[in-house]
Amino acid sequence: MTVNTLKIRDDHKPLVFSADGDAFKPQVGSQAAWLTGETFDQKELRRRIEPWLTSLFQSEHLSLLVGSGITHAIHRIATGTGASGMDRSGYAFGEMGSKIFAAADKEAPRVGRATANIEDDLRVANDLLRGMQIVESDKADSLKTCIDAVLQGFSASILKNETSIALAEEGKREQAFNTLVTFLMSFASRTGVRDRLNIFTTNYDRLIEAGAELAGLHLLDRFLGKLMPIFRSSRLDLDMHYNPPGIRGEPRYLEGVARYTKLHGSVDWVQTGKDIRRIGLPFGAASVQPYLEAPGLSGASAHELMIYPNAAKDRETADYPYVELFRDVAAAVCRPNSTLVTYGE
């Protein structure tokens, strides 16, 4: 049974309720002043929630933090199943695997996770690799090969979810993308006198980018360029304006624009020397490998994919570009009259 929690407006305590057929029923001991009976329906719930959300969405500063829940939701609409992931049965780190898994299990609770995931495993594996390279261990190359394979498999699992959506039955796929577009535009449709919507995501896939493209929503991120955009470390407050016909010197904000930050990196970001570049990886591509062989990428492998935690060479680059991205979050939400909406895990 799915239990929901709701607290809005003048509610003194959260209302905890579950579905009871076509209606909703409060849990034992849970109540709210606006309830008129023992059950309530979706219409009554919408009447309670929508005015509250509308007022919040017109806050001076509005931010949206999206997790994997959006990918699972859209994937389920398009295919009927949730998005796939990677567990430890799908990858290995060779003879060091058991020690890496054991260390990751100890580290996970420190960052608030009950059990370790692939990010924890990769973080420990990269730390171990760095130590082995420092002492010039003859096993370092073997571990690096294993990490490359895990990253390659990880990127393939991300692209697999994109491909499943892209190749879904036309009607279901259209329904899924319409839902995604409606979701994004519910936040992005703001008056010109308000600050831009800030979209933050911990996802590695490009589902939000695909939805924004379909919606005609222009995303401002830290990348500059067309063929192979490069990540800029300096925070330039770039925006898009236009001059109304017949009026000069009074530029106005262009509608349909949002700021976009991928906090954990992306499956199409690659480290080339000291630069971070976004490669032209199509949505739903079968593999990232062919696109890493393009001229100008200096023979990059899966090890250079900017999927957090990245395989960096020292402390300075380990914090880059993620320290810049998290600074953007702080700058966006730590302001007066600011609203942050979270969706997904």
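Everything numeric here is computed off the predicted structure, so don't read it as measured data.

Cut-offs applied
Residues numbered from 1 in each chain as written. Predicted model: local features only at pLDDT ≥ 70, side-chain atom pairs only at ≥ 80, totals over all residues. Heavy atoms only, no water. Helix = DSSP H or I, 4+ residues; strand = E, 2+ residues; numbered from the N terminus. Buried < 20%, exposed > 50% of the residue type's maximum accessible area, 1.4 Å probe, protein only. pLDDT = per-residue confidence, 0-100. Pairing = 2+ DSSP bridges. Axes fitted to C-alpha atoms, helices over the stretch in contact; angles between N-to-C directions. Contact = heavy atoms within 4.5 Å. Expected span 1.5 Å × (residues − 1). Arc of directions from axis to C-beta. Phe/Tyr/Trp six-rings, centres within 6.5 Å; stacked < 30°, edge-to-face > 60°. Lys NZ or Arg CZ within 6 Å of the ring centre and 35° of its normal.

Student: An account of the environment of Thr 342 is requested, with residue identities and associated values reported.
Tutor: With respect to the helices and strands, Thr 342 occurs in strand E15 (residues 338-343). Note on Thr 342: relative accessible area 52%, which makes it exposed. Considering only alpha carbons, one finds Thr 342 and Asp 275, 67 residues apart in sequence, at a separation of 31 Å.

Student: Would you mind going over the environment of Ala 33 in detail, with residue names and values included?
Tutor: The topology assignment puts Ala 33 in the loop between strand E3 (23-26) and helix H1 (42-57). Given a relative accessible area of 84%, Ala 33 falls into the exposed group. Sequence separation of Ala 33 and Asp 10 is 23 residues, and the distance between their C-alpha atoms is 9.0 Å.

Student: Give a description of the confidence of the model for the protein chain that names residues and reports values.
Tutor: Confidence in the prediction of the protein chain, expressed as mean pLDDT, is 86, and 94% of residues score 70 or more. The lowest-confidence element of the protein chain is helix H9 (residues 315-318), averaging 44 in pLDDT; the highest-confidence one is helix H7 (residues 207-215), averaging 95.

Student: Quick rundown of the sheet that holds strand E11 (residues 257-262)? Include the residues and the values.
Tutor: What the five strands build is an open sheet, ordered E6-E11-E5-E4-E15; its pairing is parallel. Lying at the two open borders of the sheet, with one neighbouring strand each, are strand E6 (218-220) and E15. Each neighbouring strand pair of the sheet contributes to a mean axis angle of 30 degrees, computed without reference to strand direction. With respect to the sheet, helix H6 (residues 170-188) is in contact with strand E4 (61-66), strand E5 (197-201) and E15, its orientation differing from that of E4 by roughly 155 degrees.

Student: Which residues make up helix H10 (residues 322-333), and what values do they have?
Tutor: With 12 residues, H10 should cover 16 Å at 1.5 Å per step; its first-to-last C-alpha distance of 17 Å lies within 8% of that length. The complete set of buried residues in H10 reads Tyr 322, Glu 324, Leu 325, Asp 328 and Ala 332. The buried residues of H10 occupy an angular sector of 165 degrees when projected down its axis, which confines them to one face.

Student: Residue-level account of the packing of aromatic side chains, with values.
Tutor: Under the counting rule described, the total for this entry stands at 15 aromatic pairs. For the pair Tyr 91 and Phe 93, a centre-to-centre distance of 5.9 Å together with 80 degrees between the ring planes defines the contact as edge-to-face. By relative accessible area, which is 8% here, Tyr 91 ends up buried. You can call Phe 93 buried: its relative accessible area is 2%. Aromatic pair Phe 183 and Tyr 343: ring centres 5.1 Å apart, planes at 55 degrees, arrangement tilted. Of this pair, Phe 183 sits in helix H6 while Tyr 343 sits in strand E15; the two residues are 160 residues apart in sequence, bridging distant segments of the chain. Every member of this aromatic cluster is reached through a ring pair, and the members are Phe 17, Phe 24, Trp 34 and Phe 40. In this structure, Arg 278 is placed above the aromatic ring of Phe 223, and the distance from its NZ or CZ to the ring centre is 4.8 Å.

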